[in-house]
Amino acid sequence: MHKQLTPVAAALALLGLLAGAPAQAADNQCAACHANVAKDHAGAAHKDLACTTCHTGTEAHLKDMKKRPAVNMDPAQCGACHQQQYKSAFMTSDRPARQSKKAAGGPAPDPFFDRALGGHGFTKEHDLPRAHTFMAIDQFIVDRAFGGRFEPKDGWLYTTLEGGKSYKAWDVLKDNYPDNNEQKAHKPGTAAAANGVCWSCKSTDLMLDWAYMGDKAEGAKFHRGSNPVDVVRNVQHGMNCNFCHDPHSAKPRIMRDALIDAMTREGKMNVYKDFAARQAKLEVKDVGVRGFDRKVAMLDRADSRLMCAQCHVEYVCNPGMNVKTGEKVGFDSRLTNLFPWVNADQIEAYYDEVGFRDFKHNLTGATLVKMQHPDAETYFGSKHDKAGADCASCHMPKVKDENGKTYTMHWATSPKHYVKETCLSCHKDKNEKQMVAAIDAMKGHFDGKVREAESRMNDMFNAFELAKTVGVSEEVLAKARKLHESAHINWEYWTAANGAYFHNHDMAVRSLAKSAKAASDATALLRKAIDEKAATKK
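Here the structure is a predicted model, which means the values were calculated and not measured.

A.B. asks: In this structure, what is going on with unusual backbone geometry? I would like to understand it.
C.D. replies: Most of the time, phi is negative for any residue but glycine, and the peptide bond is trans. Cis peptide bonds are those with omega within 30 degrees of zero, and the linkage from D110 to P111 qualifies with 10°. A positive phi angle, close to 55°, is found at R278, a residue other than glycine. Mapped onto the elements of the fold, R278 is located in the loop between α12 (271–275) and β6 (282–286).

This is the structure in structure tokens:
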């Protein structure tokens, strides 16, 4: 009787990916050097997969170790067996491509947004996020990233790409300037703000060519200061499965270096350790076998709050300035690949401690932080976190397929798309209509607080304009700038975050009130100085 294959092995055998005895012999040769990987692989869910399932060039590597094998980073490879997870991970939403956050009905509408960002690159184009399917494609073509260098091959018809599968970026996009790698604004109305760190939360394609924290190291092809055009030309896939799933052991993990750094550094605030309920344990492994440091962190259990935090987090990924020393911060500093890993109550103190700022406001002269999307750190310690829910509870629930088999839905979208499997799993005395009404009410209240903070900041900007015109003293302007910094970070934190009104409504309202007060205080300070200036001229 033939030995029965596991479902995984059977699926791969049908695809012709298992090579029988020769593959096993090659695996034994691989294990001779890669004992740590072989140990993780033995007895794991992927134990029946030959090394050649995901690695190519192994035969040449066995003959000459300097010839590195390649790794298949395509999520479709995993989808051969994990079909429902793969298809759902790359489902698309109804949100149109390039829907601006700055639109009248957006979370950060103009003209205020452009005024508040003071000429920063995000004023060129700031779009609402779409499905994970397009996370690399959309970033490469946004007007603030590569200056119009990259465009869809089929023009606006790229928006007709259907979900349920992953796409290779360079099957969809073209490089309008393939003869050079200049990172500059090639077209009017664009900016070239992307850099060598940006790829690291979009894809794992380059993880084997990137030293820990993006340090410049011998043998590492790319680093923080690498030309971003060269970098992204080597990125094909967005949202690889191995962000969260170790391919050898099939165990949960995180691999984003800045998160590993944030979780393990000493002497700093750590929002996960300080506030998160039901904390997972990390085992950080040095997996650098190419002559430079690389690290992954294995989790003792799946914690989607950490897995999602690899991207859904406030981070620094660009040069800036150190307000303590007055010096520029360049890519030689690890500050350009940084997760503060703190919440809204701590964010001002953190950036004051490290001294980093992204840019100087073109009207007020205040040095400001450009916030990204602090979703995970906002959630820790919230009501739902304390109640036992994590990111997957609401965004990746357990559902049944057409055959009644339960699987984890990987379509990381709003729980409003499956209220029955999310909200109603706990709020059993409610119905779908009631829960959607509650969510909408929270958002309505939150939006009002955001607009209130923006109104107070507008008053502040008007006061700054007048104060500078009449010649208010530098001492007063400096005090007002400090208040502007507080108003800004406590406002933009919440327009940058996704679903902030739901993740931690109490913190959002508290922080936005702080923004409004700081702006009002700055206005009062400036207007008093303006009045005193006018009085001296009478």
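A.B. asks: Sorry, what's going on with the packing of helix α18 (residues 432–470) against helix α21 (residues 505–536) here?
C.D. replies: In a pair of packed helices, the angle between the axes and the distance between the axes together describe the arrangement. Between α18 and α21, the shortest axis-to-axis distance is 8 Å and the interhelical angle comes to 20°. If you check the angle between α18 and α21, you find them roughly parallel. Crossing of α18 against α21: the hand is left-handed. Per-class residue counts for the contact of α18 with α21 are 19 nonpolar, 5 polar and 5 charged.

A.B. asks: How should I be thinking about the packing of aromatic side chains in this particular structure?
C.D. replies: Think of a pair of aromatic rings as described by two things: how far the centres are apart, and how the planes are tilted against each other in angle. In total, this model carries 19 aromatic pairs according to the counting rule given. Plain terms: the ring middles of F113 and W491 are 6.5 Å apart, the flat faces sit at 55° to each other, and that makes the pair tilted. One end of the pair, F113, is in helix α7 (residues 112–117); the other, W491, is in helix α19 (residues 474–496), with 378 residues separating them in the sequence. Each member of the pair, F113 as well as W491, is classed as buried. Consider the rings of W199 and W210, whose centres lie 5.1 Å apart with planes at 80°: the pair is edge-to-face. With W199 in the loop between β4 (173–175) and α10 (228–232) and W210 in the loop between β4 and α10, this residue pair connects regions lying 11 residues apart in the sequence. In textbook terms, an aromatic cluster arises when at least three aromatic residues are bridged by ring pairs, as seen for F112, F113, F461 and W491. A cation sits over an aromatic face here: K295 above Y212, 4.4 Å from the ring centre. Here K370 stacks its cationic end above the ring of F122, 4.1 Å away from the centre of that ring.

A.B. asks: Even after reading the chapter, I still don't get the pairing of strand β7 (residues 295–299), so can you show me in this structure?
C.D. replies: On a regular strand, one side chain projects to one face of the sheet and the next to the other, so that they alternate. Among the 5 residues that make up β7, 4 are buried, leaving the element largely enclosed by the rest of the structure. Sheet analysis places strand β5 (residues 253–254) next to β7, joined by 2 bridges and oriented antiparallel. Bridge pairing links I254 to A297 in β7.

Cut-offs applied
Residues numbered from 1 in each chain as written. Predicted model: local features only at pLDDT ≥ 70, side-chain atom pairs only at ≥ 80, totals over all residues. Heavy atoms only, no water. Helix = DSSP H or I, 4+ residues; strand = E, 2+ residues; numbered from the N terminus. Axes fitted to C-alpha atoms, helices over the stretch in contact; angles between N-to-C directions. Parallel < 35°, antiparallel > 145°, perpendicular 65-115°, else oblique. Left-handed = near helix turned anticlockwise from the far one by under 90°. Nonpolar A, V, L, I, M, F, W, Y, C, P; charged D, E, K, R; others polar. Phe/Tyr/Trp six-rings, centres within 6.5 Å; stacked < 30°, edge-to-face > 60°. Buried < 20%, exposed > 50% of the residue type's maximum accessible area, 1.4 Å probe, protein only. Lys NZ or Arg CZ within 6 Å of the ring centre and 35° of its normal. Pairing = 2+ DSSP bridges.

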